[in-house]
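Examination of the molecular architecture
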Amino acid sequence: MSPLAVEVWRGGAQGAFQSFEVPRHPSQTVLDVVTYIQRSLDATLAYRFACRVGMCGSCAMTVNGIPRWTCRTHVDKVARENKLVIAPPRNLPVIRDLVADMREFFDKWARAKGSFGGTQTRRDDFARVPPDSADRKQVDAGIECIGCGVCYSACDVVAWNPDYLGPAALNRAWTLVKDERDGATIERLRAVAGDAGCHACHTHMSCTERCPVRISPTAGIAGLKREVAKAALRGKL
Amino acid sequence: MNAQRETLLWVAQRASAAVLAACVLVHLATIIYAVRGGLSAAEILGRTHGNAAWLTFYSIFVLGVAVHAPIGLRSVFIEWLGWRGVSRDVALLLFSFLLLVMGMRAVLVLFA
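Read on for an overview of the structure. Not measured: the values here are computed from a predicted model. (Residues numbered from 1 in each chain as written. Chains lettered and ligands numbered in written order. Predicted model: local features only at pLDDT ≥ 70, side-chain atom pairs only at ≥ 80, totals over all residues.)

1. Here we look at the overall build of chain B
- Of the regular secondary structure elements, chain B holds 4 helices and 0 strands.
- Written out in order from the N terminus, the α and β elements of chain B read α-α-α-α.
- With respect to the three principal axes, the spread of C-alpha positions in chain B is 55 × 25 × 20 Å.
- Here chain B, with 112 residues, has 13% of them falling under the buried criterion.
- In chain B, 84% of the contacts between residues at least 6 apart in sequence involve partners at least 24 apart. (Helix = DSSP H or I, 4+ residues; strand = E, 2+ residues; numbered from the N terminus. Buried ≥ 20, exposed ≤ 12 C-beta atoms within 10 Å, placed from the backbone. Contact = placed C-beta atoms within 7 Å.)

Here it is in structure tokens:
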């Protein structure tokens, strides 16, 4: 196998791509490539990872122009003519090299009222939510988000309208709206309405296309639009 | 931001889109049907003058446009120009009024 030609972003918002040559291996991932560069070629390269098995959501980068989880992205699936261009995830401020500042991304989860608002106390019995109930199925479809930011990075509306809460935060809100144990639905619907919330979504479906764990935030956002509209027409917002 | 108002604007845009979809289809089909053997201005006026059904249909069409276009422009202004707030909404209200006046003027001239 001939070596891989890799261009890696160096610097912050202002910076440039640096070229490296990396040996190829079978089943090599993009994260393996970045790790090789950092350990063998340039120890000053900054990047993030933790679990390496697609659970922690910390290794998102832009690979050949497309946001991806790099630990589960095989080089032979994404390299074009044996070349890789690796950049930090889009729509987030770059701290250094491949590391983006995720604060705004997670602050938006809080702004979308992404925390569970329970109605029971520890003295109450466990809530029993039937696995085959319609609402539970909707929750199950969206609940496995790993918070990697790939959807946020893929979203054009975030790029155009920086106040937009983004697909991950809205997906989180949707799983809580459909959680029958949660008691903060109206406050949450109020938080996700409007031109920084679900109504800003153009249904481009880039988030759904790129989500590494195959969640469809687009479906959740469409659901939020319906629930918000119902609440508004009943005068409850 | 007023969630209730924002949401009702969104509902109004969706509802007006549904109205416009029907209106555009009827409008285009009627044009194609009406001009099969050629059509003069006098013939058009002959059909529209005093025609209450025609007046009702095109009044709804104009109203749909005056509701739909300004709400859509709100998002365009945010995304392209970063323009929000009262100044944008006042400008769009004026634009809506302009569409309504120009549209209804044309409709009434053909009806009366």
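The discussion continues.
2. Examining the pairing of strand β3 (residues 60–63) of chain A
All names here are of chain A.
- Alternating residues of β3 divide into A60 and T62 and M61 and V63, and every residue in both groups is buried.
- Pairing between β3 and strand β4 (residues 66–69): 4 bridges, direction antiparallel. By the bridge assignment, M61 is partnered in β4 with R68.
- Between β3 and β4, which follow one another and run antiparallel, lie 2 residues, and N64 among them has a positive phi close to 50°.
- Sheet topology places β3 next to strand β5 (residues 83–87); 2 bridges connect them, and they run antiparallel. Its bridge partner lying in β5, V63 is registered against I86. (Pairing = 2+ DSSP bridges.)

3. Digging into the interface of chain A and chain B
- Each partner contributes to the interface: chain A provides 13 residues, whereas chain B provides 12 residues.
- It is helix α10 (residues 217–233) of chain A that provides the largest number of residues to the side of chain A that touches chain B, a total of 4 residues.

4. Overview of helix α7 (residues 167–177) of chain A
Residue and element names in this part refer to chain A.
- Within α7, 11 of the 11 residues are buried, which leaves the element mostly enclosed by the surrounding structure.
- Turning to α7, its buried residues are P167, A168, A169, L170, N171, R172, A173, W174, T175, L176 and V177.
- Buried residues along α7 sit against α3 (103–111), α4 (134–142), α5 (150–154), α8 (185–192), α9 (206–210) and α10.

5. Section: helix α1 (residues 30–41) of chain A
Residues and elements named next belong to chain A.
- Taking 1.5 Å as the rise per residue, α1 with 12 residues should run 16 Å; its terminal C-alpha atoms sit 16 Å apart, in good agreement.
- When we look at burial in α1, the residues that qualify are V30, L31, V33, V34 and I37. In a view along the axis of α1, the buried residues occupy a sector of 165°, so they form one face of it. The exposed set on the far side of α1, more than 90 degrees from its buried face, consists of R39 and S40.
- As for α1, its buried residues are in contact with β1 (4–11), β2 (15–22), β3, β4, α2 (75–78) and β5. (Expected span 1.5 Å × (residues − 1). Arc of directions from axis to C-beta.)

6. Looking at the nonpolar core
Residue and element names in this part refer to chain A.
- Within the largest apolar cluster, 68 residues are counted, with the highest numbers of intra-cluster contacts made by I86, L170, A173, V192 and L224.
- Structurally, this core is a two-domain feature, drawing no fewer than three residues from each of domain 1 (4–100) and domain 2 (103–233).
- Ignoring sequence-local partners within four residues, the contact set of V192 consists of A112, L165, L170, A173, G197, C198, L224 and V228. (Core = buried A, V, L, I, M, F, W, Y, C linked by C-beta atoms within 7 Å. Domains from an automatic or database assignment.)

7. Examining the sheet that holds β4 of chain A
Residue and element names in this part refer to chain A.
- Ordered by their spatial adjacency, 5 strands build an open sheet running β2-β1-β5-β3-β4, and the pairing between neighbours is mixed. Bordering the open sheet on either side are β2 and β4, each of which pairs with just one other strand. Each adjacent strand pair in this sheet contributes to an overall mean axis angle of 35°, direction not counted.
- On top of the sheet, α1 reaches β1, β2, β3, β4 and β5; it is set at about 90° to β2, its chief contact. (Axes fitted to C-alpha atoms, helices over the stretch in contact; angles between N-to-C directions.)

8. Some points on the environment of G11 of chain A
All names here are of chain A.
- Relative to the helices and strands, G11 resides in strand β1.
- In this structure G11 comes out as exposed when scored by C-beta crowding, with 12 C-beta atoms within 10 Å.
- Considering only alpha carbons, one finds G11 and I95, 84 residues apart in sequence, at a separation of 8.1 Å.

9. Here's the deal with the packing of α7 of chain A against α8 of chain A
Residue and element names in this part refer to chain A.
- It is at 10 Å that the axes of α7 and α8 come closest, and there the two elements cross at 155°. One way to sum up the angle between α7 and α8 is to call them roughly antiparallel. Two packed elements cross with a definite hand, and for α7 against α8 that hand is left-handed. Two secondary-structure elements touch here, α7 through L170, A173, L176 and V177 and α8 through T185, R188, L189 and V192.
- Residue composition of the contact of α7 with α8, grouped by class: 6 nonpolar, 1 polar and 1 charged. (Parallel < 35°, antiparallel > 145°, perpendicular 65-115°, else oblique. Left-handed = near helix turned anticlockwise from the far one by under 90°. Nonpolar A, V, L, I, M, F, W, Y, C, P; charged D, E, K, R; others polar.)

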